[in-house]
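Architecture at a glance
The chain contents come next:
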Amino acid sequence: MKTLMSPSGPGSVSPFSAPPLVVGPFRLADPGRRPPAMRALDGLPGIGDRLRVAAFAELQARDAFQWAADALAGDSVVLRKAWLALARAEDRHLGWLLDRMDALSLDVRGRPVSPELYGALTSSTSVVDFAGLMASAEERGRVAGERFETRLRDVDPTTAALFGQIAREEAAHIRLAERLLRGDEVFFTDDSDLL
Ligand SMILES: [Fe+2]
Ligand SMILES: [Fe+2]
């Protein structure tokens, strides 16, 4: 079993090194290039840009939580359970967003995306580091989700409601990250504790 204290010598794998991100149906921007700016939110291309970026953020968050459960939870069964539950929540969000793109006949590969979030989250070397990065990433996602919910309410109420639902669930993830940052004991029994 990996522990945070295991020395990494030649040939050994650091407990902190994350596997390469598997990007699934998405298309990455060329290394060193930023993805193109998102189009206006008043039409389907712009709605697609936001769904795509949000979906890829969910994929990166999911895989980062899975990595953290192995690399950073140490001997804490509760922490490991919590991070795996967060990975399941992000996977559910990813599915909802991809389903919505499908329903709108939007091409997931239509524009390139950046894997920056996964790199940032998996650069953490401690629970506190990771919880801090996680809290700020979740907060960015929550704020963007609320903004899209408001702006899309009249244009596309179904997508608006989806962004709103995800934003509310991200708020619960932020509360968990804040408990970890304060060093509170985390009581976690099942996925409903995230809600
Ligand atoms: Fe999410
Ligand atoms: Fe989240």
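Keep in mind that this is a model prediction, so the values were computed, not measured. (Residues numbered from 1 in each chain as written. Chains lettered and ligands numbered in written order. Predicted model: local features only at pLDDT ≥ 70, side-chain atom pairs only at ≥ 80, totals over all residues.)

A short note on the overall build of the protein chain
To keep things clear, this is the line we draw: What counts as a helix is a DSSP run of H or I of at least four residues, what counts as a strand is a run of E of at least two, and both are numbered from the N terminus. Between the two quantities, the radius of gyration covers C-alpha atoms and the globule rule is 2.2 Å times the number of residues to the power 0.38. Three exposure classes are used. Buried residues have 20 or more other C-beta atoms within 10 Å of their own C-beta, exposed residues have 12 or fewer, and partly exposed residues fall in between, all C-beta atoms being placed from the backbone. Our contact criterion uses C-beta atoms placed from the backbone: two residues qualify when those atoms are within 7 Å.
Regarding its fold elements, the protein chain presents five helices and zero strands. Start at the N end of the protein chain and walk to the C end: the helices and strands fall as α-α-α-α-α. Over its C-alpha atoms the protein chain spans a radius of gyration of 17 Å, differing by no more than 12% from the 16 Å that the globule rule assigns to 195 residues. For the protein chain, the C-alpha atoms occupy an extent of roughly 55 × 35 × 20 Å along the three principal directions. The buried share of the protein chain, taken over its 195 residues, is 32%. Long-range contacts, defined as pairs at least 24 residues apart, comprise 70% of the intrachain contacts of the protein chain with a sequence gap of at least 6.

Thoughts on the environment of S136
Of note, S136 is situated in helix α4 (residues 127-152). Along the backbone, S136 and D91 are 45 residues apart, and their C-alpha atoms lie at a distance of 19 Å.

Thoughts on the environment of M134
In this fold, M134 is placed in helix α4. On the neighbour-count criterion, M134 (25 C-beta atoms within 10 Å) is buried. When the C-alpha atoms of M134 and D75 are compared, they prove to be 20 Å apart, with 59 residues separating the residues in sequence. Excluding its chain neighbours within four sequence positions, the residues that come into contact with M134 are L121 and A177.

Comments concerning the nonpolar core
To keep things clear, this is the line we draw: Put simply, a nonpolar core is a cluster of buried Ala, Val, Leu, Ile, Met, Phe, Trp, Tyr and Cys residues tied together by C-beta atoms within 7 Å.
Core analysis: the biggest nonpolar cluster contains 41 residues, and A55, A64, A68, L97 and L121 have the highest contact counts within it. Of the residues forming this core, the biggest block, 13 residues, is contributed by helix α1 (residues 44-71). When sequence neighbours within four positions are dropped, the list of residues in contact with L97 reads L51, A54, A55 and E58.

Quick word on the packing of α4 against helix α5 (residues 157-182)
What counts is decided by this rule: Only the stretch in contact is used when fitting a helix axis, every axis being a line fitted to C-alpha atoms; angles between N-to-C directions are given from 0 to 180 degrees. Throughout this description, any angle smaller than 35 degrees is read as roughly parallel, any larger than 145 degrees as roughly antiparallel, any in the 65 to 115 degree range as roughly perpendicular, and the remainder as oblique. In a left-handed crossing the near helix is turned counterclockwise from the far helix by less than a right angle, and in a right-handed crossing that turn is clockwise. In the scheme used here, Gly and all other residues not listed as nonpolar or charged are polar, with Ala, Val, Leu, Ile, Met, Phe, Trp, Tyr, Cys and Pro taken as nonpolar and Asp, Glu, Lys and Arg as charged.
One way to put it is that α4 packs onto α5 with a least axis distance of 8 Å and a crossing angle of 155°. Classed by the angle they form, the pair α4 and α5 counts as roughly antiparallel. Of the two elements, α4 crosses α5, and the hand of that crossing is left-handed. Split by residue class, the contact of α4 with α5 holds 16 nonpolar, six polar and seven charged.

Quick notes on the packing of helix α2 (residues 77-103) against α5
Packed helix pairs are specified by the crossing angle of their axes together with the interaxial distance, meaning the distance between the axes. At a minimum axis separation of 11 Å, α2 and α5 run at an interaxial angle of 170°. Classified by the interaxial angle, the pair formed by α2 and α5 is roughly antiparallel. Of α5, the residues touching α2 (which contributes A82, L86, A89, H93, W96 and R100) are T159, L162, I166, E169, H173 and L176. Counted by class, the contact of α2 with α5 contains seven nonpolar, three polar and two charged residues.

A few points about α2
In plain terms, the rule: Given a helix with a known number of residues, its expected span is that number minus one, times 1.5 Å.
Its 27 residues give α2 an end-to-end C-alpha distance of 39 Å, which sits within 8% of 39 Å, the value for a rise of 1.5 Å per residue. For α2, the set of buried residues is A82, W83, A85, L86, A89, E90, H93, L94, L97, L98, R100 and M101. Its buried side turned inward, α2 meets α1 and α5. Of the residues one or two after α2, S105 is the one with positive phi, at around 55°.

A short note on unusual backbone geometry
With a phi angle near 55°, S105 is a residue other than glycine that sits in the positive phi range. Inspection of the secondary structure assignment puts S105 in the loop between α2 and α3 (116-121).

Observations regarding α5
Between its first and last C-alpha atoms α5 spans 38 Å; for 26 residues at 1.5 Å apiece the expected length is 38 Å, and the two agree. Listing the buried residues of α5 in full gives T159, L162, F163, I166, E169, E170, H173, L176, A177 and L180. In the core, the buried residues of α5 are packed alongside α1, α2 and α4. Just downstream of α5 lies G183, where phi reads positive at about 80°.

These figures capture arrangement, not role.
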